Amino acid sequence: QQQQYYGQQQQYHGQQQGKQRRQTVHNQGEPRIADKEFLSRQKIILQLLVHITQYNIYPEIAEIGQKYDIFNSAQRYSNIQAYQNFIARYNRGILPRGEIFNLYNDDYLEQAIALFDLFYFAKDFDTFISTAAWARDVYNEGQFAYAFYVAVIHREDTNGIVLPPLYEIYPYFYFYGNDLQKFSQAKQLGQSQYSLYTNFSGYNYGYYYGNYYGNQEQILSYFTEDIGLNAYNAYSHLYNPFWFSAEKYGFNFQGRGEYYYYFYQQILNFYNLNRIANYIPELEYFDWDKPIPYGYYPNIQYHSGKPFPPRPDQYPLQSIRSYTISDIQSIECRIREAIDSGYVYSKDGSRIPIFSYLKGISLLGNIIEGNGDSVNSRYYGSYQSMLRSLFALIVDPGYNHGVVPGVLANYETALRDPAFYYFYKYINRIFRQYAYSSQPAYKSDDLAFPGVSIKNIEIDPLNTYFDYFNVDVSNAFYVKNAEEANSLNYVARSLRLNHEPFSYKIYINSEKNASALVRVFFGPTYDAFYSSLYGFYAGGNENYYQGFPQNKDPSSYNYQFVNFDKLKEYFVEWDRFPVNLTPGQNVISRHSKQFTTTVGEYPSFEQIYKQVEEALQGQGSFYINDYDQQCGFPDRLVLPLGSKEGTPFALYAIISPYSQQEQQHGYESPIYSCSGLYNYNDNRPLGYPFDRQIIDFKQFFTPNMYFKDVSVYLKTQQQVNQQNRVVSY
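Owing to the predicted nature of the structure, the values given are computational and were not obtained by experimental measurement.

A few words now on the layout of surface pockets. The computed volume of the largest pocket comes to approximately 1100 Å³. For the lining of the largest pocket, the elements supplying multiple residues, two or more each, are α4 (106-120) and α17 (383-392). A per-class count over the lining of the largest pocket returns 19 nonpolar, 15 polar and six charged. Two domains each donate at least three residues to the lining of the largest pocket, and these are domain 1 (32-160) and domain 2 (217-301 + 313-438).

Structure below.
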């Protein structure tokens, strides 16, 4: 029996004050046609985000804000305390327009949250828009955009609204400053149409120079500086801000801390797969007593014109004004003590056990992120935020020279810096310490699926290539009015990593009818891993395994030597989906566009706005989806960069029982996240079965698993393109 699965799978969703909230990735339901009321809402939300760094260019919206009496409208908000807090916060003074908004500045963040609360607790859409129109020309533009995006994502009456891509609203964080300067010069010369090839990043190194010249960390900039990847990181934060509290906002944040851990573990693993693909040695381990080995030159700037500061190689960490290095080390010691003891301390001083992994990993993740659901933020602080700030302010820790924060201070830019992966590798080891100390290694009985076995996996050729894409950067430049804004067409053409679509088939033998859940991972194979990270000669050592278990006789091969426990740390989860097995052979077909973890191309601001206008004029239809098209890892980047000869990697699949009880648990306890991995929640840990230590590979490997050796190739555009592949984000 062959089963086909088309489209993204249905997302579970959380609850907002007892009502449905928007879903994350794709579902199988049909989109709805928007009515006039929805179209009007969609249009005004888009207009509020046009040329965000200057005053509102739409007079009718500006007039709404000017007429709105924010100081005598308490009755229009459902949370009177939030309204009063905002008025008090505003009267104490707010960050002026034109200044740089930094999330990790406590005062600036408090102001932004106060504005969000006003947006969020507005009783109706008219009040929400009136408040936004007022704030648009009064509040700092960075704070306004931040609070407004979060509010649109989370308000019930904006469910289905399509927000424009972040890289078009604020291009400064995504494109090189010298390139934006060329657009600025074109505008000064009166050119309303201008395009430029930009952001070549590591493509120049990897494709033309064989990956050996220049700064080897810069080779990876095709991944780290990818605008889709950085926008995904930023949008995921907007979807689930660290300061959100389940108690205050009424959301279901079950598993929140575990999701935080796994989200960044997966990004780190994707990054490491690209290190392996480029034969770049493993990241060094972070050491408090040693300088940061990796420098970084961002070549981007804030809209104020101030550039993000560079960081030289071997630059030491220093204490900042707000806290010292010793303060963070003390918090880290408290976290490690909690792991060793099996308890965390609540606000009242009582001990909360973390022996149960699913509960403990989430409690630990909340503490390390320092989010609104941390059991004791006063005692455990905000470890990751403090560590980020230490790196972000490293050039001018005392703020004695007015140097602006570095890229690690912003979610839109953090992934660009190799130091991000350097210290997140360190944070990931804390989670790993807990996982290994709180759980025994899986036994065969824990992993097996009696009567079910995977016999083979077939997969199409895996071909990567670089293609051009177009991004409208017009919002980066000042205009006189809406007419001039509509006349500008400034297009940045950039190279990005992509891959040809592919499919795979899993051949499963079953002795019974059964509901099952399939997990599919992608990672390094032994020869690539050891030759890339431990030197070119390691892969040639006959003691290193050059394949996967079904190609060897387990009884005659010593798997311990290859250290699969380390190798598994580099696998990424591609896909997770349910199947109904029948007796005999079952052939499961999946396409790369179906992966539950990924999303495809996102429409541009111009495309969204044009469709809305046409629908309002009766010249077409605008469709509402119940899923959020920005919530997912970019499909383009699921494969690391290939090579002309083919770089060896591995596909891994495991099929597990998926009982009615587990399905019901997932339905009754949905988890709100910006990832499709929670589509099917079977009460197993994220990363299963790689979440525990693997001591004995022969004990780990069971018939319901399969490893498949694959190769990833790199093709030229001429080889891939029979037609023009230029696309618009």
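Resuming the write-up.
Following the criterion strictly, the structure yields eleven cavities of 30 Å³ or more and no others. Put simply, the largest cavity is a space of about 420 Å³. The wall of the largest cavity is formed by 23 residues, among which Phe-101, Gly-142, Tyr-146, Phe-173 and Glu-412 lie closest to the centre. Those elements that provide at least two residues to the lining of the largest cavity are α6 (141-154), α7 (166-169) and α11 (227-239). In terms of residues, the lining of the largest cavity owes the most to one element, α6, which gives five residues.

Here we come to the pattern of salt bridges. On inspection of all chains with the given rule, the structure shows 27 salt bridges. Two residues, Arg-519 and Asp-682, come together in a salt bridge whose shortest N-O distance is 2.9 Å. Placement of Arg-519 in strand β12 (residues 514-524) and of Asp-682 in the loop between α24 (660-668) and α25 (697-700) is noted, with a sequence separation of 163 residues between them. Asp-682 carries the same exposure label as Arg-519, and that label is buried.

Attention now goes to the pairing of strand β18 (residues 647-657). Burial runs high along β18: nine of the eleven residues are buried. The pairing of β12 with β18 spans nine bridges and is antiparallel. Directly across from Arg-519, in β18, lies its bridge partner Ile-654. Of the pairings in the sheet, the one linking β18 to strand β19 (residues 705-714) comprises eight bridges and is antiparallel in character. Bridge pairing in β19 places Ala-650 opposite Asp-709.

What follows concerns helix α8 (residues 177-188). Taking 1.5 Å per residue as the helical rise, α8 with its twelve residues ought to reach 16 Å, and the 16 Å between its terminal C-alpha atoms agrees with that figure. Taken together, the buried positions of α8 are occupied by Gly-177, Asp-179, Leu-180, Phe-183, Ser-184 and Ala-186. Projected onto a plane normal to the axis of α8, the buried residues spread over an arc of 170° and lie on a single side. Along its buried surface, α8 packs onto β5 (193-198) and β10 (489-499). Gly-190 sits one or two positions beyond α8 and adopts a positive phi of about 85°.

Moving on, we get to the nonpolar core. Within the largest apolar cluster, 234 residues are counted, with the highest numbers of intra-cluster contacts made by Tyr-383 and Phe-522. If one sorts the elements of this core by residue count, helix α13 (residues 256-277) sits on top with 13 residues. With residues near it in sequence (within four places) discarded, Tyr-383 still touches Trp-288, Ile-328, Ile-331, Glu-332, Ile-335, Ile-367, Ile-368, Tyr-426, Ile-427 and Ile-430.

Here we take up helix α14 (residues 325-341). The terminal C-alpha atoms of α14 lie 24 Å apart, and with 17 residues this matches the ideal 24 Å at 1.5 Å per residue to within 8%. Taken together, the buried positions of α14 are Ile-325, Ile-328, Ile-331, Glu-332, Ile-335, Ala-338 and Ile-339. Axial view of α14: buried residues confined to an arc of 145°, hence all on one face.

Calculation criteria
Residues numbered from 1 in each chain as written. Predicted model: local features only at pLDDT ≥ 70, side-chain atom pairs only at ≥ 80, totals over all residues. Heavy atoms only, no water. 1 Å grid on protein atoms, 1.4 Å probe; cavity = no way out; pocket = protein on both sides within 12 Å on 5 of 7 lines; lining within 4 Å. Points joined across faces, edges and corners; volume = space filled by probe spheres on them. Helix = DSSP H or I, 4+ residues; strand = E, 2+ residues; numbered from the N terminus. Nonpolar A, V, L, I, M, F, W, Y, C, P; charged D, E, K, R; others polar. Domains from an automatic or database assignment. Salt bridge = Lys/Arg side-chain N within 4 Å of Asp/Glu carboxyl O. Buried < 20%, exposed > 50% of the residue type's maximum accessible area, 1.4 Å probe, protein only. Pairing = 2+ DSSP bridges. Expected span 1.5 Å × (residues − 1). Arc of directions from axis to C-beta. Contact = heavy atoms within 4.5 Å. Core = buried A, V, L, I, M, F, W, Y, C linked by side-chain atoms within 4.5 Å.

These figures come from the coordinates and say nothing about function on their own.
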